[in-house]
Amino acid sequence: PAPGGSGLSTLSEEQLKVLEDSFKGCKYPDETMLMLVAAECGLSEQDTQKWFRRRYAQWRQSEGLPAKLGSVLD
């Protein structure tokens, strides 16, 4: 497993495709969407939520925004 105890580093290409496609459609999924994506990927909802949080932080950085949510004045 990856450092921190998460098994997210061992995702298959198929799991990553589902996660990335879901992320493109919705960057901040609600509980229902997390449950559906987790079921489709065969992951726990907790791991799916962790993946979305990390991916969202990466996306914000790539857009030149702070990694965490905050005001434009941060």
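In case you missed it, the structure is sitting above this.
Now for a quick tour of the structure. (Residues numbered from 1 in each chain as written. Predicted model: local features only at pLDDT ≥ 70, side-chain atom pairs only at ≥ 80, totals over all residues. Heavy atoms only, no water.)

**A few points about the pattern of salt bridges**
So, step 1. Considering all chains together, one arrives at two salt bridges under this definition.
So, step 2. Where K17 meets D21, a salt bridge forms, and the shortest distance between an N and an O atom there is 2.9 Å. Taken together, the residues span about one helical turn, with K17 and D21 both in helix α1 (residues 13-25) at a distance of four residues.
So, step 3. We classify K17 as partly exposed; its relative accessible area is 46%.
So, step 4. Its relative accessible area of 38% is what places D21 among the partly exposed residues. (Salt bridge = Lys/Arg side-chain N within 4 Å of Asp/Glu carboxyl O. Helix = DSSP H or I, 4+ residues; strand = E, 2+ residues; numbered from the N terminus. Buried < 20%, exposed > 50% of the residue type's maximum accessible area, 1.4 Å probe, protein only.)

**Describing the packing of helix α2 (residues 31-41) against helix α3 (residues 45-62)**
So, step 1. α3 packs onto α2 with a crossing angle of 110 degrees between their chain directions and a minimal axis gap of 9 Å. When the axes of α2 and α3 are compared, the pair comes out roughly perpendicular. Contacts from E31, L34, M35, V37 and A38 of α2 reach α3 at E45, T48, Q49 and F52.
So, step 2. Partitioned by chemical class, the residues of the contact of α2 with α3 number five nonpolar, two polar and two charged. (Axes fitted to C-alpha atoms, helices over the stretch in contact; angles between N-to-C directions. Parallel < 35°, antiparallel > 145°, perpendicular 65-115°, else oblique. Contact = heavy atoms within 4.5 Å. Nonpolar A, V, L, I, M, F, W, Y, C, P; charged D, E, K, R; others polar.)

**Here we look at the packing of α1 against α3**
So, step 1. Close contact between α1 and α3 brings their axes to 11 Å; oriented N to C, the two are set at 60 degrees. Between α1 and α3, the angle falls in the class oblique. In terms of crossing hand, the pair formed by α1 and α3 is right-handed. Note on element contacts: α3 touches α1 through T48, W51, F52, R55, Y56 and W59, opposite L16, L19, E20, S22 and F23.
So, step 2. Considering only residue class, the contact of α1 with α3 consists of seven nonpolar, two polar and two charged. (Left-handed = near helix turned anticlockwise from the far one by under 90°.)

Everything listed is a geometric property; what it means functionally is a separate question.
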